[in-house]
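Summary of structural features
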Amino acid sequence: MLCTLSEILRDANERHYGVGAFNCLSLENVMGALEAAEELHSPIILQLAEVQFPEAPLELMAPLFLRAAERSSVPVCVHLDHGQSFETCARALRLGFTSVMFDGAALPFDENVRNTLLVARMAKAAGVDVEAELGRVGDSGVDTADVFTDVEESVRFVEATGVDALAIAIGNLHGHYIHTPQLNIRRLIEIHEANQLPLVLHGGSGTSVEDFKACIHNGICKINVATAIQRGIMKRICQRMEAEAEVGYIPLKQVMIDASREVVAEHIRLFESNDRVS
Ligand code: 13P
């Protein structure tokens, strides 16, 4: 069933588990992710980032996400990831997304507040939830994540914008890590103690099991995963093509569905969101 972000994260926040937010770029990806969530009785967040629109256009993916969510037996939030402008968030709202992220993390603090607030006012009027970001989550190979979210700023930001979830920077990076990162769990605890709202961890792929567990038990309720699914699907495709000289297109589609299901299921168990819905 289609749900908003706060409907899904309320329980996660109360009972200290994480809900996976999986970036899905194809039908096979979506089918596998939802099969995993249904088999494991877990809520799930399907998301698409603005940088992914060239390969997975928003207007084409939206009906797929929404229809899949409506016919699912588990709660599904359909979320815009890293919306870069007011206009992109408005497009997602118009298409029926139940949650949008406005990413103003690269902006000066006051500008991030102003722009996030504009998106939040529009989204609230439409009954849609908002995630925002404070601090800089780096990109692997480009940045080091040395700009952690400031605790005092996080309180001012949440009060000023009224967002439903906040993405924080605690040493996490998007993409493939060269070394497994060590997250700053102390900073997470401080941010969590100072704020009531659900916190979000971006750059989930490649995080250690210990850090995942420390995160979900200290306030992280939404965990974004993209690279791990893409790598998992590619691995299975390569294995199949090495094993079979001429693989048909239809069997390969099934390989992609199965791989998506496997990777998503593994993360659902890791985030302890299995067996949370009847
Ligand atoms: P990864 O690609 O590192 O899993 O990050 C995904 C993400 O944070 C999307 O917003």
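These notes cover the structure that comes with them. (Residues numbered from 1 in each chain as written. Predicted model: local features only at pLDDT ≥ 70, side-chain atom pairs only at ≥ 80, totals over all residues. Heavy atoms only, no water.)

The next point concerns the overall build of the protein. Of regular secondary structure, the protein possesses 10 helices and 11 strands. Relative to its length of 278 residues, the protein is compact, with a C-alpha radius of gyration of 18 Å against a globular reference of 19 Å. For the protein, the spread of C-alpha atoms along the three principal axes comes to 60 × 40 × 40 Å. Burial statistics for the protein: of 278 residues in total, 55% are counted as buried. Taking the contacts inside the protein whose residues are at least 6 apart along the sequence as the reference set, 73% of them involve residues at least 24 apart. Total accessible area on the protein is roughly 12100 Å²; 53% of this is exposed by carbon and sulfur atoms. (Helix = DSSP H or I, 4+ residues; strand = E, 2+ residues; numbered from the N terminus. Rg over C-alpha atoms; globule rule 2.2 N^0.38 Å. Buried < 20%, exposed > 50% of the residue type's maximum accessible area, 1.4 Å probe, protein only. Contact = heavy atoms within 4.5 Å. Areas by Shrake-Rupley, 256 points an atom, 1.4 Å probe, with all protein chains shown as cover.)

On to the pattern of salt bridges. Enumeration over the complete set of coordinates arrives at 14 salt bridges. For Lys 222, the salt bridge identified is with Glu 131, shortest N-O distance 2.7 Å. With Lys 222 in strand β11 (residues 220-225) and Glu 131 in strand β6 (residues 129-134), the pair connects residues that are 91 residues apart, well separated along the chain. Both residues of the pair, Lys 222 and Glu 131, count as buried. Each member of the salt-bridge network shares a partner with another, and the members are Glu 35, Asp 258 and Arg 261. (Salt bridge = Lys/Arg side-chain N within 4 Å of Asp/Glu carboxyl O.)

Helix length check: helix α5 (residues 109-125), at 17 residues, gives a terminal C-alpha distance of 24 Å against a target of 24 Å (1.5 Å per residue), a fit within 8%. Among the residues making up α5, those that are buried are Phe 109, Asn 112, Val 113, Thr 116, Val 119, Ala 120, Met 122 and Ala 123. Along its buried surface, α5 packs onto α4 (86-95), β5 (99-102), β6 and α6 (151-161). Positive backbone phi, approximately 75 degrees, marks Gly 127, located one or two places after α5. (Expected span 1.5 Å × (residues − 1).)

With that settled, the discussion passes to the site of the ligand. Close to the ligand lie 14 residues; Asp 81, Gly 203, Ser 205, Ala 226 and Thr 227 are nearest. In this structure, Thr 227 approaches the ligand through a side-chain N or O atom, which is 2.5 Å from an oxygen atom. Listed by contribution, the elements that provide at least two residues to the shell around the ligand are β4 (76-83), β9 (173-174) and β11. Across the shell around the ligand, the residue classes tally to 3 nonpolar, 10 polar and 1 charged. (Near = heavy atom within 4 Å. Polar contact = N/O pair within 3.5 Å; in protein donor to acceptor, adjacent residues only side chain to side chain. Nonpolar A, V, L, I, M, F, W, Y, C, P; charged D, E, K, R; others polar.)

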